[in-house]
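Analysis of the macromolecular model
Spelled out from the first residue to the last, the chains are:
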Amino acid sequence: MKVLIIGSGGREHTLAWKISQSPKLTKLYCAPGNAGTAIVAENVPIADNDIAGLKDFAVKNSIDLTIVGPEIPLVMGIVDEFEAAGLKIFGPSKAAAKIEGSKIFAKNLMHKYNIPTAEAIVYEKVEDALNFVKKVGTPIVIKVDGLAAGKGVFVAKDQKEAEEAVKRILVDKEFGAAGNKIIVEECLKGEEVSILAITDGETILPLASAQDHKRVFDRDEGPNTGGMGAYSPAPIATSELLNMVQEKVLKKTVAALKEAGIIYKGILYCGLMMTASGPMVLEFNCRFGDPETQVILPRMKNDLLEVILSTLDSRLSTIALDWDPRSAVCVVLAAGGYPGNYEKGIEIKGLDNVKDGVVFHAGTKAVDVKITTNGGRVLGVVGLGAPLKEAIRKAYDAVKQINFDKMHFRKDIGAKALK
Ligand code: AMP
Ligand code: GLY
């Protein structure tokens with residue numbers, strides 16, 4: 001089979017690495033890819049939001065299956081476009097991807113079907129939103145309705161921060177039209193966990209659990225990032241919790257969408273907060289998580305290509321997912337300044353010295369014989385081991401081999417799970 005993977009981050013290198021191990025594969029492309037995907041696939045210089053360009057490439061090269069990494073092309077409707085052209089593609093349709101593309105759509109669905117989530121109200125006018133914040137008090141959470149590359153959520157600890165967030169979204173239009181409406185939401189407390197599931201619209205198979213580390217500094221301090229590291233499994237995700245999520249969240253969500261005439265096929269990602277009154281949904285994503293994928297797929301024993309084809313053929317019920325019992329830990333190596341401004345084009349050294357572990361590239365570029373930085377999150381270094389402590393040690397041993405100017409990373413990935 002000829003397969004095309006769309007995207008250029010750590011998640012896509014991990015997908016390409018995993019798919020490249022499938023005996024069914026004959027040729028793998030990645031658009032646009034990075035220096036890591038170039039090791040296991042042929043990169044094609046087409047942007048992930050150039051749907052016409054991607055479709056044209058898939059037709060001309062007789063691509064048998066396209067796998068979409070990021071949310072933007074999914075929310076734009078790449079799946080509908082490819083299917084209309086008779087092309088096989090893995091991911092939810094435009095209507096289904098709205099579960100990530102509009103936080104208001106997702107919230108309404110959850111409220112209507114009693115899926116546990118924070119109470120929330122939608123606002124378009126600054127005064128109305130601020131009056132509400134004054135009335136209910138802080139802390140409070142303010143969210144941009146549309147896609148905001150992970151930057152559209154503000155957890156305001158006082159009135160001043162709430163006012164500033166509302167102003168940035170509704171007045172300064174920092175998020176453009178994605179911020180025409182906001183959600184003002186009850187602030188939940190607890191530990192977070194990501195549960196990703198694969199579904200053909202009928203069968204729902206949860207993947208191994210994972211926990212992301214969103215804050216830039218150790219002990220969860222500093223601003224939010226795209227994710228500074230992850231581990232899988234998350235001990236907090238007990239089988240009791242997983243059952244609860246399957247029954248109260250995943251099944252209900254897929255059924256609710258079906259009632260609206262939407263068959264959800266693809267990955268359904270739930271970001272959950274473990275509150276005193278049980279797990280609550282913080283957000284849905286319509287795709288694999290990044291960096292969760294970097295710790296989930298190295299533990300998957302199945303042929304991912306086969307699992308995806310089963311989903312597309314609506315025979316996911318015939319699949320049993322099988323996981324390596326060892327833990328996986330991913331430490332993200334970021335560029336100096338990230339998640340703020342950072343330089344690109346810095347040479348990365350020592351990649352070949354890593355012997356026990358896998359290095360997934362995120363923001364990297366091959367320039368002649370060198371590999372240079374090309375983004376904020378540069379690499380995801382993964383260690384596998386049992387117990388978790390051993391996986392942590394292996395990941396950090398591998399990190400020691402690599403270096404680039406102004407590189408920074410968290411020193412406490414996985415530490416929370418050891419307690
Ligand atoms: P989201 O993109 O909705 O997952 O939000 C990003 C981050 O904001 C989450 O991972 C949480 O840390 C935080 N967050 C989102 N919603 C809430 C909430 N209702 N209460 C507390 N924290 C939240
Ligand atoms: N790790 C968070 C996300 O993929 O959205």
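Calculation criteria
Residues numbered from 1 in each chain as written. Chains lettered and ligands numbered in written order. Predicted model: local features only at pLDDT ≥ 70, side-chain atom pairs only at ≥ 80, totals over all residues. Heavy atoms only, no water. UniProt positions renumbered as here; feature names shortened; annotations may be inferred. Near = heavy atom within 4 Å. Polar contact = N/O pair within 3.5 Å; in protein donor to acceptor, adjacent residues only side chain to side chain. Areas by Shrake-Rupley, 256 points an atom, 1.4 Å probe, with all protein chains shown as cover. Helix = DSSP H or I, 4+ residues; strand = E, 2+ residues; numbered from the N terminus. Nonpolar A, V, L, I, M, F, W, Y, C, P; charged D, E, K, R; others polar. Buried < 20%, exposed > 50% of the residue type's maximum accessible area, 1.4 Å probe, protein only. Pairing = 2+ DSSP bridges. Expected span 1.5 Å × (residues − 1). Core = buried A, V, L, I, M, F, W, Y, C linked by side-chain atoms within 4.5 Å. Contact = heavy atoms within 4.5 Å.

Looking at an unreviewed UniProt entry, one finds the chain named Phosphoribosylamine--glycine ligase, with candidate division WOR-1 bacterium RIFOXYC2_FULL_46_14 as its source organism. Check the Pathway (unreviewed entry) section of the UniProt entry for the chain; it says "Purine metabolism; IMP biosynthesis via de novo pathway; N(1)-(5-phospho-D-ribosyl)glycinamide from 5-phospho-alpha-D-ribose 1-diphosphate: step 2/2."

Some words on the site of ligand 1
Residues in close proximity to ligand 1 total 14 residues, the closest being Glu185, Glu186, Leu188, Glu192 and Glu283. Interatomic distance of 2.4 Å between a side-chain N/O atom of glutamate 192 and an oxygen atom of ligand 1. Bound to the protein, ligand 1 loses 91% of the 470 Å² it would expose on its own. Those elements that place two or more of their residues in the shell around ligand 1 are β7 (140-144), β9 (182-186) and β17 (278-285). A breakdown of the residues in the shell around ligand 1 according to their chemical character gives seven nonpolar, no polar and seven charged.

Let's talk about the pairing of strand β16 (residues 266-275)
Burial analysis of β16 places ten of its ten residues in the buried class, which makes it a mostly covered element. Note that strand β10 (residues 191-199) and β16 share nine bridges and pair antiparallel. Bridging across to β16, leucine 196 finds its partner in tyrosine 269. Here β16 runs beside β17; their pairing, made up of seven bridges, is antiparallel. Its bridge partner lying in β17, methionine 274 is registered against proline 279. What sits between the antiparallel neighbours β16 and β17 is a turn of two residues.

Quick notes on the site of ligand 2
Contacts to ligand 2 come from Asp212, Gly226, Tyr269, Asn285, Arg287, Gly289, Asp290, Pro291 and Glu292. Contact distances for ligand 2 include 2.8 Å between a nitrogen atom and a side-chain N or O atom of aspartate 212. Take aspartate 290: an N or O atom from its main chain is 2.9 Å from a nitrogen atom of ligand 2. Notes on ligand 2: free accessible area 200 Å², of which the protein chains cover 89%. When its residues are assigned to classes, the shell around ligand 2 shows two nonpolar, three polar and four charged.

Quick word on helix α13 (residues 388-401)
The terminal C-alpha atoms of α13 lie 21 Å apart, and with 14 residues this matches the ideal 20 Å at 1.5 Å per residue to within 8%. Restricting attention to buried positions, one finds in α13 the residues Leu388, Ala391, Ile392, Lys394, Ala395, Tyr396, Ala398 and Val399.

As for the nonpolar core
Soluble globular proteins tend to bury their nonpolar side chains together. Grouped together as the largest cluster of nonpolar side chains are 74 residues, with contacts concentrated most on Ile78, Ile99, Phe284, Val329, Val331, Leu333 and Ile402. Among residues more than four places away in sequence, those in contact with isoleucine 402 are Leu333, Ile348, Lys349, Gly350, Leu351, Val354, Val359, Leu379, Val381 and Met407. Counting 41 residues, the second largest nonpolar core, distinct from the first, contains Ile5, Ala41, Ile267 and Ile296.

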